[in-house]
Amino acid sequence: ADPLLSQGENGTDSRTIRVGTRRSQLARIQTDSVVMMLRELYPDLCFEIAVAMSTTGDKILDTALSKIGEKSLFTKELESALERNEVDLVVHSLKDLPTSLPPGFTIGAICKRENPLDAVVFHPKNCGKTLSLLPEKSVIGTSSLRRAAQLKKKFPHLEFRDIRGNLNTRLKKLDENEDFSAIILAAAGLKRMGWENRIGQLLGPEDCLYAVGQGALAVEVRAKDQEILNMVSALHDADTVLCCIAERAFMKRLEGGCSVPVAVNTLLKDDQLYLTGAVYSLDGSDSLKETMQTGVSYPHENEDGPNDDVQHVGITAKNVPGQAQEAAENLGVELASLLLSKGAKHILSVARQLNDAR
């Protein structure tokens, strides 16, 4: 019998799984979608959503994200609840999770990725335009150094300015003021909120490489909680896992975080994993970009024994072949090493200094 399903007195299953989430509407929608999948997989379990916690990132709205300098900005409070056993699992946007998790935690599941591209949402008066058609000196809102660096280079006639707040706040700032001609957001978030119709332009890889892990949802659990780990691992999407391991390994090797412009694009096709990675100076004038690939077709080993809890950049994926995960991680590390050998460290340290001085 499944140890999770501890029998209640009258033969009913009494175990309640508590799921932690942030307060924002998007966080709630993302958490609900994961809980819905879990309820379908485990109809006998009771799932309860513990609404949290406004996190540091939600509270400090007057400072650019890259200046607060804390990658675990949106995750710390949730992890404390996990640590105190107040919740059993927490749902995050994978791109909010640092490449090294605090000891005792692991990403137990990565769900099938939503569209990872960035999207442009235009002020109503610019409806039907694209970035290249906006008038000279139009102001574009984005809180991401990565987006700004790439788009400044590509669209030198535009100006980029910080915009903070959750999706609702940012859309409101766009629509109700004349400050911004457009804002850039992740297509995935807009889609999950049901605002796909606001997407005026999708930015393909030729315009803007995306953030590490963008569009994927991660389920964070206690690394030692075997039952919960086994339960959530059914949510893993193997292709997404391999892409995200490669991306996270790339970022980790570069020691990139919120405060430097690092961007990726991954593609898994015919058992080949392609990773494009790039680093940028803040104004986009200086950049390095390369693509590498590796095969990821490996049989599933029976990994009984001590190595069945191997983590790859914070991810425990028992149902994805270990050799494939290793190949993906090595791909990310090798691509980062290639960029470092070409001078990426200099670009990134200058970007970091300039950003700190802003």
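Shown above is the structure to which this text applies.
Conventions and cut-offs
Residues numbered from 1 in each chain as written. Predicted model: local features only at pLDDT ≥ 70, side-chain atom pairs only at ≥ 80, totals over all residues. Heavy atoms only, no water. Helix = DSSP H or I, 4+ residues; strand = E, 2+ residues; numbered from the N terminus. Expected span 1.5 Å × (residues − 1). Buried < 20%, exposed > 50% of the residue type's maximum accessible area, 1.4 Å probe, protein only. Contact = heavy atoms within 4.5 Å. Pairing = 2+ DSSP bridges. Salt bridge = Lys/Arg side-chain N within 4 Å of Asp/Glu carboxyl O. Axes fitted to C-alpha atoms, helices over the stretch in contact; angles between N-to-C directions. Left-handed = near helix turned anticlockwise from the far one by under 90°. Arc of directions from axis to C-beta. Polar contact = N/O pair within 3.5 Å; in protein donor to acceptor, adjacent residues only side chain to side chain. Core = buried A, V, L, I, M, F, W, Y, C linked by side-chain atoms within 4.5 Å. Right-handed = clockwise from strand over helix to strand, strands pointing away.

Student: Please explain helix H10 (residues 322-341) as it appears in this structure.
Tutor: One turn of the α-helix equals 3.6 residues, which is why residues spaced by three or four share an orientation. With 20 residues, H10 extends 28 Å from end C-alpha to end C-alpha; this agrees with the ideal 28 Å at 1.5 Å per step. Of the residues making up H10, those classed as buried are Gly322, Ala324, Gln325, Ala327, Ala328, Leu331, Gly332, Leu335, Ala336 and Leu339. Its buried side turned inward, H10 meets helix H9 (238-254), strand E12 (272-280), strand E13 (287-295) and helix H11 (344-357). Directly beyond the C-terminal end of H10, a positive phi value near 110° is found at Gly343.

Student: Just to check I follow, could you spell out the pairing of strand E4 (residues 105-110) for this structure?
Tutor: Consecutive side chains along a regular strand alternate between the two faces of the sheet. Across the six residues that make up E4, a large majority, six, are buried. Pairing analysis gives five bridges linking E4 to strand E10 (residues 217-222), with the strands arranged antiparallel. Residue pairing across strands places Ile107 opposite Glu220, the latter belonging to E10.

Student: What is the right way to read the pattern of salt bridges from this model?
Tutor: Pairs can form between side chains of opposite charge whenever their charged atoms are close. Inspection of the entire model under this criterion finds 16 salt bridges. Notably, a salt bridge pairs Arg15 with Glu227, separated by 3.4 Å at the nearest N-O pair. With a gap of 212 residues between them, Arg15 in the segment before strand E1 (16-21) and Glu227 in helix H8 (residues 226-232) connect regions that are remote in the sequence. Take Glu227: its relative accessible area is 30%, and that puts it in the partly exposed class.

Student: Which parts of the structure should I look at to understand the sheet that holds E12?
Tutor: In a beta sheet, neighbouring strands are held together by backbone hydrogen bonds and run either parallel or antiparallel to one another. Judged by pairing direction, the sheet is antiparallel, and its three strands sit side by side in the order E11-E12-E13 without closing on themselves. With partners counted over all chains shown, the strands left at the sheet margins are strand E11 (262-269) and E13, one partner each. Averaged over neighbouring strand pairs, the angle between their axes works out to 15° when direction is ignored. On top of the sheet, H10 reaches E12 and E13; it is set at about 150° to E13, its chief contact. Packing against the sheet, H11 makes contact with E11, E12 and E13, and its axis sits at approximately 50° to E12.

Student: Looking at this structure, I do not really get the sheet that holds E10. What am I missing?
Tutor: Read across the open sheet, the five strands follow the order E2-E1-E3-E10-E4; overall the sheet is mixed. The sheet is open, and its two borders are formed by strand E2 (46-51) and E4, each paired with just one other strand. Direction aside, the axes of adjacent strands within the sheet are offset by 30° on average. By the bridge criterion, five bridges tie strand E3 (residues 89-93) to E10 in an arrangement that is antiparallel. Across the sheet, residue His92 finds its bridge partner in E10, namely Ala218.

Student: I would appreciate a short explanation of the packing of H9 against H10 in the present structure.
Tutor: Packed helix pairs are characterised by how far apart their axes lie and by the angle those axes make with each other. Contact geometry of H9 with H10 gives a least axis separation of 7 Å together with a crossing angle of 35°. H10 is crossed by H9, and the crossing has right-handed handedness. Side by side, H9 and H10 meet where Leu242, Ile245, Ala246, Ala249, Phe250, Arg253 and Leu254 of the first sit next to Ala324, Gln325, Ala328, Glu329, Leu331, Gly332, Val333, Leu335, Ala336, Ser337, Leu339 and Leu340 of the second.

Student: I keep staring at helix H6 (residues 167-176) and nothing clicks. Help me out?
Tutor: The complete set of buried residues in H6 reads Leu167, Arg170, Leu171 and Leu174. Buried positions in H6, seen along its axis, are confined to an arc of 95° and lie on one side of it. In H6, the exposed residues that point more than 90 degrees away from the buried face are Lys172 and Glu176. Buried residues along H6 sit in contact with helix H1 (25-41), strand E5 (118-122), strand E8 (182-186) and helix H7 (187-192). Sitting at the amino-terminal end of H6 is Asn166, which places a side-chain oxygen 3.2 Å from the backbone nitrogen of Asn168.

Student: Please clarify how the environment of Ser297 should be interpreted in this entry.
Tutor: Here Ser297 lies in the loop between E13 and H10. Taking the C-alpha atoms as reference points, Ser297 and Gln272, 25 residues apart in sequence, are found 7.7 Å from one another.

Student: What is the right way to look at the nonpolar core in this model?
Tutor: Note on soluble globular proteins: their nonpolar side chains tend to be buried together. Phe250 and Val279 are the most contacted members of the largest nonpolar core, which totals 51 residues. Counting only elements with at least two residues in this core, the list comes to helix H4 (76-83), E4, H9, E11, E12, H10 and H11. Looking at this core element by element, the count peaks at 10 residues for H9. Not counting residues within four places of it along the chain, the set of residues in contact with Phe250 comprises Val262, Ala263, Val264, Leu275, Gly277, Ala278, Gly332, Val333, Leu335, Ala336 and Leu339. The next biggest cluster of nonpolar side chains, apart from the first, holds 20 residues, and it includes Ile17, Phe47, Leu89 and Val91.

Student: Would you explain the pairing of E2 in this entry?
Tutor: Pairing geometry for E1 and E2, over six bridges, is parallel. Each bridged residue has a counterpart across the sheet, and for Arg18 the counterpart in E2 is Glu48. Since E1 and E2 lie parallel, the crossover through H1 that links them has a hand, and here it is right-handed.

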